[in-house]
Amino acid sequence: MKKVLLILSLVVLFAIPSMQAQYAEAKHAIGIRYIGANYQLPITDNLRDDDFTYGMEIEYTGYLADYLNIAVPFKIHKAELPRDEMGDVRSSAALSLDALLQLQYFKEPAFVNPYIFAGLGAINEDLEDFTFAAPVGLGFNFRLGKHAYLSTKAEYRFGFDDLRDNLQLGAGIKIILGEGVKDADKDGIPDEEDACPMTPGLPAYNGCPDTDGDGLADPQDECPTEAGPANLKGCPDKDGDGLADKNDKCPDEAGPMNNDGCPILDADGDGVLDEDDECPSVPGLAATKGCPDTDGDGIADKNDKCPGQAGLAQFDGCPDTDSDGIPDGDDKCPKVAGLAEFDGCPDTDGDGIIDSQDACPTLAGVPEFRGCPEITAKEKEVLEFATQAIQFETGKSSFKTESYPILDQIVEILKKYEGYNVKIEGHTDSVGSAETNQKLSDDRAQACYDYFRGKGISSSRMTSQGFGEDKPIANNKYKSGRDKNRRVEFDVFLKDQ
């Protein structure tokens, strides 16, 4: 029980920051599942197919909050109920009704929507006896279509009476009822994302229309029924003199702004008098003395080494995207600020190895360890000491209290050396069956894995495996040898090594 509750607690801890449930516009759902119940597992600790009995479940689910649902499942199934712990059972028809709370990660378009649940249930056996249980579990809904899901769940039911704990598995269909996302103007963009929720529009303009099709949404367009360029706030400029027709006294003849759009001696019609225009036959800008500035960086194209990219005067018009003082053309890491000696790439830890080639970019290291420091002799001694120092309860994978300090020391080593991975290997002595020892070694290695993960070590950096009694390091005939063979080894190594 403790292990189940621990796993559920960890799931809640990691899931809560991003969880959602059914949404307010689709509050209700109905699910129908085929279920299998196993009352023998808590007694035999063995998951056998022939211990399952089967039935049906109908479940109502209702929206409570952004990540919280209430669920009421009704089940009817055949149950093989234990009379004692020696294997004697009686067959019974079981009816149950539960009240559950669900914490659900829900994104309607997503293919998989996981959830966890817990609550209280009442069970009637053979229409005579009533018992109660506390079900906890998890489930996954797989999207088949809009509001239609393949629904699976697994739950462990803690019985209030002796010999009534049981495992139940189920699979079926779930249908969410309701209209779904609100879209008042029916333009396919949800109101919560629509800048113009009462007027049909386009995704490119956040749901607002562009009546004149000039690429500027109506709310930003000063002339929404007449096509015009963005630099004139959507108003037309028939003579192309840079002055909107509504402000142009000569809308059919190009002229400079300082003459209200009427022509004077300006051959290229750019508003710069020919006598002051360094590019008199090509329309340009007053700021660049009548010459064009294609990228709008304030440097005339004729003087701009990168006329198609806005840049800086100090780099002859070429950009420095990451603002590290090295123009993009010479910068091997143009989007990340770096150092000139590394061609513009960063070296966060200052060890002379650029971050993209450094396995430990925040920890100074050496080239032979791909930018990571070598683990110190003292830390290696900690890892070696941990092999025998980590102790478990006899025949179990639960830690003894004295194991936690050394486990925490290993966590600190792994946090310090971010570029290293760890292989966790469990071993046992030869006492007991090979099958039992194999499972025990697997469970103990996994216990260390789970402890490290709970302390913030990424699962991508760890593997765990048990070898049972297959790899002894001492003679199992003697107690001293068996003590040495009961161990967990930690192999810390560089990533991709």
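Use the structure listed above.
Visitor: Looking at this structure, I do not really get helix H5 (residues 434–454). What am I missing?
Guide: In an α-helix, one turn spans 3.6 residues, which is why side chains three or four residues apart end up on the same side. For H5, spanning 21 residues, the distance from its first C-alpha to its last is 30 Å, which sits close to the expected 30 Å at 1.5 Å a residue. Every buried residue belonging to H5 is among Asn437, Leu440, Ser441, Arg444, Ala445, Ala447, Cys448, Tyr449, Tyr451 and Phe452, and all of these are buried. For H5, the elements touching its buried residues are helix H4 (404–416), strand S9 (420–427), strand S10 (462–466) and strand S11 (487–494). Where H5 terminates, the next one or two residues include Gly456, which has phi positive at roughly 100°.

Visitor: Explain the pairing of strand S8 (residues 166–177) to me, please; I cannot follow it from the model alone.
Guide: Each regular strand carries side chains that alternate between the two faces of the sheet. As judged from the 11 bridges shared by strand S1 (residues 28–38) and S8, these two strands associate in the antiparallel manner. Across the sheet, Gly31 pairs through a bridge with Lys174, a residue of S8.

Visitor: Quick question: what am I supposed to make of the sheet that holds S10 here?
Guide: Two modes of strand pairing occur in sheets, parallel and antiparallel, and in both the strands are linked by backbone hydrogen bonds. The sheet built from 3 strands is open, its strands ordered S10-S9-S11 with mixed pairing. The two strands at the open ends of the sheet, each matched to only one other strand, are S10 and S11. Averaged over all pairs of adjacent strands, the angle between their axes in this sheet comes to 15°, without regard to strand direction. For S9 and S11, the ladder comprises 8 bridges, and the chain directions are antiparallel. Paired with Lys423 across the strands is Asp491, a residue of S11.

Visitor: Help me understand empty space enclosed by the protein in this model?
Guide: To find leftover empty space, one rolls a probe the size of a water molecule over the atoms. Under the criterion given, the structure shown has 1 cavity of 30 Å³ or more. Looking at the largest cavity, its volume works out to about 70 Å³. Forming the boundary of the largest cavity are 13 residues, of which Tyr39, Ile123, Arg157, Arg164 and Asn166 lie nearest the centre. Secondary structure elements with two or more residues in the lining of the largest cavity: strand S5 (112–125), strand S6 (129–145), strand S7 (148–159) and S8. When residues in the lining of the largest cavity are grouped by element, the largest group, 3 residues, is from S6. Grouping the amino acids of the lining of the largest cavity by side-chain chemistry returns 4 nonpolar, 6 polar and 3 charged.

Cut-offs and rules
Residues numbered from 1 in each chain as written. Predicted model: local features only at pLDDT ≥ 70, side-chain atom pairs only at ≥ 80, totals over all residues. Heavy atoms only, no water. Helix = DSSP H or I, 4+ residues; strand = E, 2+ residues; numbered from the N terminus. Expected span 1.5 Å × (residues − 1). Buried < 20%, exposed > 50% of the residue type's maximum accessible area, 1.4 Å probe, protein only. Contact = heavy atoms within 4.5 Å. Pairing = 2+ DSSP bridges. Axes fitted to C-alpha atoms, helices over the stretch in contact; angles between N-to-C directions. 1 Å grid on protein atoms, 1.4 Å probe; cavity = no way out; pocket = protein on both sides within 12 Å on 5 of 7 lines; lining within 4 Å. Points joined across faces, edges and corners; volume = space filled by probe spheres on them. Nonpolar A, V, L, I, M, F, W, Y, C, P; charged D, E, K, R; others polar.

Take it as geometry only, folks, not as evidence of what the structure does.
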